[in-house]
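Tertiary structure, described
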Amino acid sequence: MDGDRNYEMTGEEFRRLGYRLVDLLAGWLDEVRDVPLTPGETPAEVRAALGDRGLPASGTPAGEVLEEAWRLLREHSLFSGHPRFAGYVISSAAPLGALADLMAAGLNPNVGAWKLSPMATEMEVQAVRWIAELLGFPSDCGGLLVSGGNMANFIGYLAARGRGARSRLRVYASKETHTWLEKAADLFGEVTVRSIGVDAEYRMDCGELELRIAEDMAAGLTPFLIVGSAGTVSTGAVDPLVRMRAIADTYGLWLHVDGAYGAPAAALPDASEDLRAVGLADSIAIDPHKWLYTPVEAGCVLVRRAAALRETFDHSPAYYRFEEEGAPVNFYQLGLQNSRGFRALKVWMQMKCAGRDGLVRMIAHDVEMAGLFAARVKAEPRLELMATGLSIVVFRWVGDGGMSEEELNRVNAELLDRVQASGELFLSNAVLEGRFGLRACFVNFRTRVEDVERMVRAVLDLGER
Ligand SMILES: Cc1ncc(COP(=O)(O)O)c(C=O)c1O
């Protein structure tokens, strides 16, 4: 029996299909500026296009499968790499990252253990160090790549908590903190999150933070962690991290910074003191698949005291013999995953390709696009600017005025639906003190000044309708 009849390929067959795929993707790159961002289809339409067939009883030639997959995806996808995509925190992925993913999957090292992935492990170690250097974090820190921001934050959280049963734990985070913390609190032991208020710029109220910690300590509870944000998900606010570091030191607490979105902006020459203070955290989450422009998935966690990761995650069973001379890193000992893909390759290749200069230039460009967008919103009487931070702009349609808050929320939610289905641009939303806003977040090296103009015009046209 020829067991590999479906899966094995000769070099020649792989070359033919590989070149075909590269041609298709290259064509898409050339046209992405001019195609609709999304067909705006309903779930029923997308399902109908895919068809409701069961598992095929027999196989289909690889070339046909590839053509079918391409057609389905090309015709029924939303393109986050489109120049006018500014939703959530999803970047335009560098094409080099796609090639890196192909190379990584082609060679398929398992980056759980050094012995299984010698060079891949060393490249991940180096990529992690480069990220630390970019952020001004100590380069002898521990760290690893994970799937994204949630996982990176989970690792920081668990490293802060350490092993062993501890009860009556308290975590402190502003109410603008991303939802990963709720999941962590649900999943990882008996803990209560103290949600701290924010100032007019959506930054943690440090007076209240200190009050709550002192209160809880006096009540015999166990504060262990302060979570700060370097770029909140709704408005891009950077918490007063310098002050939070001092408070953490006063009470002997771990300071974790969620910089999943905003931490790379610490590399900008004009970064604020609080943004640069990401380098003072005990741990930090930062996502290469956000503002370092890699394809999903790539998150990263850095931990100041490198040993904390092994202390938290290392289990070395009898069936593993991965200890080597020269103390190499075995990534399975540093985090939640066992088998691990080579997501570090795209990070390594892209950081080498752009260098610090290139990254700073792209990040600064995004901040500039957000500034332009905000200026256009401000100058337009039918729009109201609600908040800005880093490369995020939150605003709403107010028309000729006179609408109640309730009407404004309804109208703006409907406007967002129309924006998202339009295929012309893509925005997401933020809800600030109960007020529904449209939110543009620029982490997109393809966005140009004319795109910003077109985006504002499209919002105005849709708003009028
Ligand atoms: C500040 C912040 N933290 C965490 C996350 C979660 O990241 P991911 O979606 O990669 O898990 C996000 C996502 O946008 C974010 O903006």
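Residues numbered from 1 in each chain as written. Predicted model: local features only at pLDDT ≥ 70, side-chain atom pairs only at ≥ 80, totals over all residues.

Comments concerning the overall build of the chain
Using the following cut-off: Here a helix means four or more residues in a row that DSSP labels H or I, a strand means two or more in a row labelled E, and each is numbered from the N terminus. Both definitions apply: the radius of gyration is a C-alpha atom measure, and the globule rule equals 2.2 Å times residues to the power 0.38. With C-beta atoms placed from the backbone, the exposure class of a residue follows from how many other C-beta atoms lie within 10 Å of its own: 20 or more, buried; 12 or fewer, exposed; in between, partly exposed. We call two residues in contact whenever the C-beta atoms placed from their backbones are within 7 Å.
Scanning the chain for helices and strands turns up 15 helices and eleven strands. Taken against the 2.2 N^0.38 rule, which gives 23 Å for 465 residues, the C-alpha radius of gyration of the chain at 24 Å falls within 12% of a compact globule. When its C-alpha atoms are laid out on the principal axes, the chain stretches across 75 × 70 × 45 Å. Counting only residues that meet the buried cut, the chain has 45% of its 465 residues in that class. Restricting the contact set of the chain to residue pairs at least 6 apart, pairs at least 24 apart contribute 73%.

Examining the packing of helix 4 (residues 95-107) against helix 13 (residues 344-379)
Stated formally: Note on method: axes are straight lines fitted to C-alpha atoms, helices fitted across the in-contact stretch only, with angles between N-to-C directions ranging 0 to 180 degrees. Oblique is the label for any angle not under 35 degrees, not over 145, and not in the 65 to 115 range, which are roughly parallel, roughly antiparallel and roughly perpendicular in turn. Should the near helix be turned counterclockwise from the far one by less than a right angle, the crossing is left-handed, whereas a clockwise turn marks it as right-handed.
Viewed as axis vectors pointing N to C, helix 4 and helix 13 meet at an angle of 140°, and their least axial separation amounts to 8 Å. Classed by the angle they form, the pair helix 4 and helix 13 counts as oblique. Where helix 4 crosses over helix 13, the handedness of that crossing is right-handed. Taken together, the residues of helix 13 that come into contact with helix 4 (itself represented by Leu96, Gly97, Ala100, Asp101, Met103 and Ala104) are Leu345, Lys346, Met349, Gln350 and Cys353.

Things to note about the pairing of strand 2 (residues 169-174)
Which entries qualify depends on this criterion: Criterion used throughout: strands pair if DSSP finds at least two bridges between them. When the strands point away from the viewer and the connection leading from the first strand across the helix to the second strand turns clockwise, the crossover is called right-handed.
Among the six residues of strand 2, six are classified as buried, and the element is accordingly described as predominantly covered. What you see with strand 2 is no split at all: Leu169, Val171 and Ala173 on one side and Arg170, Tyr172 and Ser174 on the other are buried throughout. In this sheet, strand 3 (residues 191-196) lies alongside strand 2 in parallel orientation, the contact comprising six bridges. Along strand 3, the bridge assignment pairs arginine 170 with threonine 192. Chirality of the crossover, the property in question, places the unit of strand 2, helix 7 (residues 180-187) and strand 3 among those that are right-handed. Here strand 2 pairs with strand 4 (residues 222-229) via five bridges, running parallel.

Some thoughts on the sheet that holds strand 10 (residues 428-432)
Strand order in this open sheet of four strands is 8-9-11-10, and the pairing throughout is antiparallel. Whereas interior strands pair on both sides, the edge strands pair on one side only; in this sheet they are strand 8 (383-389) and strand 10. Going from strand to strand, the sheet's axes swing by 35° on average, the running direction of each strand aside. Pairing analysis gives six bridges linking strand 8 to strand 9 (residues 392-397), with the strands arranged antiparallel. Among the inter-strand pairings, leucine 385 is bridged to a residue of strand 9, identified as phenylalanine 395.

Some words on the domain arrangement of the chain
This is how the line gets drawn: Domain extents, as shown, originate in an automatic or database domain assignment. Each residue receives one of three labels: charged for Asp, Glu, Lys and Arg, nonpolar for Ala, Val, Leu, Ile, Met, Phe, Trp, Tyr, Cys and Pro, and polar for the others, Gly being one of them.
Segmentation of the chain into domains returns domain 1 (9-40 + 78-94 + 356-465) and domain 2 (109-341). Using C-alpha coordinates to define each centre, domain 1 is positioned 28 Å away from domain 2. Facing the 21 residues of domain 1 at the interface are 21 residues of domain 2. Residue assignment for the side of domain 1 that touches domain 2 shows that the elements contributing at least two residues are helix 13, strand 8, strand 9 and strand 10. When residues in the side of domain 1 that touches domain 2 are grouped by element, the largest group, six residues, is from helix 13. The residue inventory of the side of domain 1 that touches domain 2, partitioned by class, reads 16 nonpolar, four polar and one charged.

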